[in-house]
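Read off the chains here:
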There are 2 protein chains.
Amino acid sequence: MSLNTQVIYTKPPTGFPVVGETVKTSKSTIDLDAPLQKGDILLKNLVLSIDPYIRGCMRDPAIASYAPAFEYNSVLAGDTVAVVLKSDNPKFNQGDLVCGRTGLGYFEEYSHVKGTYADSNYVVRNDSKTNGLPLSYYVGILGMPGLTAYVGLNKYGRPQKGETLFVSAASGAVGQIVGQIGKTLGLYVVGSAGSDDKVEYLKELGFDGAFNYKTENIDSKLTELCPNGIDIYFDNVGGTMLEHALDHANNFGRIIGCGMISQYNTQDQYGIRNLIYVVSKRLSFDGFVVLDKENMAYEEEFIKTCTQWVLEGKVKYRETIVDGIENTPQAVLDVFKGRNFGKQIVNVANL
Amino acid sequence: MSLNTQVIYTKPPTGFPVVGETVKTSKSTIDLDAPLQKGDILLKNLVLSIDPYIRGCMRDPAIASYAPAFEYNSVLAGDTVAVVLKSDNPKFNQGDLVCGRTGLGYFEEYSHVKGTYADSNYVVRNDSKTNGLPLSYYVGILGMPGLTAYVGLNKYGRPQKGETLFVSAASGAVGQIVGQIGKTLGLYVVGSAGSDDKVEYLKELGFDGAFNYKTENIDSKLTELCPNGIDIYFDNVGGTMLEHALDHANNFGRIIGCGMISQYNTQDQYGIRNLIYVVSKRLSFDGFVVLDKENMAYEEEFIKTCTQWVLEGKVKYRETIVDGIENTPQAVLDVFKGRNFGKQIVNVANL
Ligand SMILES: NC(=O)c1ccc[n+]([C@@H]2O[C@H](COP(=O)([O-])OP(=O)(O)OC[C@H]3O[C@@H](n4cnc5c(N)ncnc54)[C@H](OP(=O)(O)O)[C@@H]3O)[C@@H](O)[C@H]2O)c1
Ligand SMILES: NC(=O)c1ccc[n+]([C@@H]2O[C@H](COP(=O)([O-])OP(=O)(O)OC[C@H]3O[C@@H](n4cnc5c(N)ncnc54)[C@H](OP(=O)(O)O)[C@@H]3O)[C@@H](O)[C@H]2O)c1
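Cut-offs applied
- Residues numbered from 1 in each chain as written.
- Chains lettered and ligands numbered in written order.
- Predicted model: local features only at pLDDT ≥ 70, side-chain atom pairs only at ≥ 80, totals over all residues.
- Heavy atoms only, no water.
- Buried < 20%, exposed > 50% of the residue type's maximum accessible area, 1.4 Å probe, protein only.
- Helix = DSSP H or I, 4+ residues; strand = E, 2+ residues; numbered from the N terminus.
- Arc of directions from axis to C-beta.
- Contact = heavy atoms within 4.5 Å.
- Salt bridge = Lys/Arg side-chain N within 4 Å of Asp/Glu carboxyl O.
- Domains from an automatic or database assignment.
- Buried area = accessible area lost by both parts, 1.4 Å probe.
- Polar contact = N/O pair within 3.5 Å; in protein donor to acceptor, adjacent residues only side chain to side chain.
- Nonpolar A, V, L, I, M, F, W, Y, C, P; charged D, E, K, R; others polar.
- Pairing = 2+ DSSP bridges.

### Section: helix H6 (residues 196–204) of chain B
Residue and element names in this part refer to chain B.
Point 1. Of the positions making up H6, those classed as buried are Lys198, Val199, Tyr201 and Leu202. All buried residues of H6 lie within an arc of 155° about the axis, which places them on one face of the element. Residues of H6 that are exposed and point over 90 degrees away from its buried face: Asp196 and Glu204.
Point 2. Turning to H6, the residues buried within the fold contact helix H5 (175–184), strand S10 (188–193) and strand S11 (209–212).

### Overview of the pattern of salt bridges
Residues and elements named next belong to chain A.
Point 1. Here the structure, examined in full by the defined rule, presents 28 salt bridges over all chains.
Point 2. Of the charged contacts, one joins Asp119 and Lys91 as a salt bridge, the two residues approaching to 3.8 Å between their closest N and O atoms. You can see Asp119 sitting in helix H2 (residues 115–121) and its partner Lys91 sitting in the loop between strand S5 (77–87) and strand S6 (97–106), a full 28 residues away along the chain.
Point 3. Of the residues examined, Asp119 reaches a relative accessible area of 35% and is grouped as partly exposed.

### A short note on the side chain of Glu243 of chain B
Point 1. Along the chain, Glu243 of chain B falls in helix H8 (residues 239–248).
Point 2. Not counting residues up to four positions away in its chain, the partners in contact with Glu243 of chain B are Tyr270, Gly271, Ile272, Arg273 and Asn274 of chain B.

### A look at the domain arrangement of chain A
Residue and element names in this part refer to chain A.
Point 1. Taken domain by domain, chain A holds domain 1 (2–137 + 318–347) and domain 2 (144–287).
Point 2. Centre-to-centre separation of domain 1 and domain 2, based on C-alpha positions: 29 Å.
Point 3. Contacts between domain 1 and domain 2 engage 18 residues on the former and 14 residues on the latter.
Point 4. Contact between domain 1 and domain 2 buries roughly 1,200 Å² in total, counting both sides, with carbon and sulfur atoms accounting for 58%.
Point 5. Along the contact surface separating domain 1 from domain 2 lie zero salt bridges.
Point 6. Joining domain 1 to domain 2, the criterion identifies seven residue pairs in polar contact (both at pLDDT 80 or more).
Point 7. It is helix H12 (residues 328–337) that contributes the most residues to the side of domain 1 that touches domain 2, three residues altogether.
Point 8. Among the residues forming the side of domain 1 that touches domain 2, the class breakdown is seven nonpolar, five polar and six charged.

### Points about the interface of chain B and chain A
Point 1. Counting residues at the interface gives 29 residues for chain B and 29 residues for chain A.
Point 2. Together, Val279, Arg282 and Phe285 of chain B form the three largest contributors to the area buried by chain B at its contact with chain A, with a combined 24%.
Point 3. Taken together, chain B and chain A are joined by two salt bridges.
Point 4. Between Arg282 of chain A and Asp292 of chain B there is a salt bridge, with the nearest N and O atoms lying 2.6 Å from each other.
Point 5. Taken together, the elements giving at least two residues each to the side of chain B that touches chain A come down to strand S13 (249–257), helix H9 (276–280) and strand S14 (284–287) of chain B.
Point 6. Classifying every residue of the side of chain B that touches chain A gives 16 nonpolar, eight polar and five charged.
Point 7. Summarising the sheet, strand S14 (residues 284–287) of chain A and S14 of chain B pair through three bridges and their orientation is antiparallel. Residue Asp286 of chain A lies in a different strand from S14 of chain B, and its bridge partner there is Ser284 of chain B.

Set out below in structure tokens:
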């Protein structure tokens, strides 16, 4: 029997997730030598991705939403990278690298995955064996956050060269890619982030403007840094920032509703008072969920394009990697506290 | 010299327009026998249209918006129907019926219109001489409000047979057409209005459901009347109703941002707290202004189609007509107080 530390979600928090209480780790055991049933696979998990949408899954299961609610006292799930230790499934070979996708990979050291579950939720992704890119990229820049940036900006932003793009949570998993794709498209790119070193990083990435929304006056900064107004706002945070972006939006502007992280950990939702601009400025405000089939359809195209960008050094990617599965609950909280700098990753084990 | 009563806008109100103060009538004179300069026309105004957007023009001219601010102490303008008394302009003949369009017809008994202004803002519309439809229809069902309903629903609503359409201010100039077009498209149509007789009227028009938002619990009524949720919300009012509609919106729903009349006469804008649904339900929320060229391009197609509907009795149109230009200021206020039942018209004179 081997030790198998698991990340457990117990019940919905009222505000922020509570480390050790609503999300905690728990030690269990697993028999790595037990025979597999037909179709099953045995995985050693290497990388866990901490993504903000999981807060939305930590809810009363009676409330419907795009992603199913987590079951109380279950192993937390999310995107993962793992290596196949054993397989009785023709789709998977021992030694294959696989990704647990669409938020359904298990957060534990080892996973004995049933055949039908493996078939639907895990894919082989051996690319990094040859291209030398970090495994973590497959849940970050080349994974769900990257695809979110790509689809969100291109499909819902309808970007035109020379336009001004503003992105919030700009140094984050999604935001930093949004801005860099914006630059490749010839946009004028401005970002906001929650610390001075994040702002510095955005400038290094080639953003035309960046500011710390916690210490600066947002309205003045948008006036200064977006002198031609905002044509596209990629909204990761909602709340007051959305209100400011509406104030500065140009006629026929596009608001891309990607996320509203400022509202995830509070019951007291902020009220947006200037939606009249949606009418008077003829804005389009489109929400999207990358997991929808029509968006996942871009996955292969995106991975190919973006791998090329990364290998050519055209697009950079910052991550915060914590070592050890026991640090996962804290990493979950960190993302909502802005303590991550770039994509938040938990490194569970090395290959 | 003839008496020429004019409607005068003096200055921006802080809340509702103040009858006799911020909008008033004033007696002036005009020489109907004076020779015209080349290109000029002399009009006798017959019908004035009272449209809610004029509240937005009653603002500090320093604030930019889609429609220019009214000049202080000037003759109010809006859509009108008039008859040409005299013309020195090849586009207009004596006896022609003309429409003052895109909100630029003068609100007065007689108008001496300069050639270039006439060329840009008045069009000949003699149709009612032969089809027998009321002149007022050309600023209502066949005019700007009609086109607004048609373009808004079709272009931004992307309606699919069987879907549920909810429309607010549903008995109004725009709303009653939205609902009836919705029925011709095979939608399940529900409307809200501010009095029981308005609700009764909606049922007569064939709405599948209707309720008085002032006396009923909006949330319960939407649950009851839209059992399959809302696929398309045609928003005429903003504020709390928009929030309720977002609560009841289906995944991939469309919110058509037509107007937010509940917010026009207050500084204290209502804050919408559930925009997270735009993301999680993947809504599209599109604002539009019918006066934009791309929308006005549908005008002739619309007038043709809708005239046919009206003549065949497929679409009905309720109006509130007040007689006498001196009642215009009150009619302006009435529209914001919900005292109009259907399209608000001022009848200035008969043909
Ligand atoms: N629609 C979709 O399919 C989809 C897919 C992926 C992600 N998303 C959304 O995209 C957004 C970004 O996700 P991500 O994975 O890229 O996360 P991330 O940016 O890497 O991490 C979250 C960041 O949000 C910022 N933040 C946290 N609390 C905030 C608050 N109260 N106000 C403002 N900013 C706050 C923090 O950065 P600062 O230090 O800059 O404050 C934090 O680092 C989230 O809203 C997420 O839900 C949506
Ligand atoms: N985007 C465009 O291009 C465009 C073009 C035309 C019109 N519009 C907009 O469309 C909307 C309807 O215009 P319309 O010409 O058809 O006007 P209308 O409905 O004929 O008249 C306005 C009606 O709005 C309702 N109302 C007034 N104050 C309200 C409040 N505080 N809360 C809720 N409802 C209120 C009243 O009806 P109840 O008795 O039912 O409350 C009133 O009768 C307006 O918002 C207007 O600005 C937009």
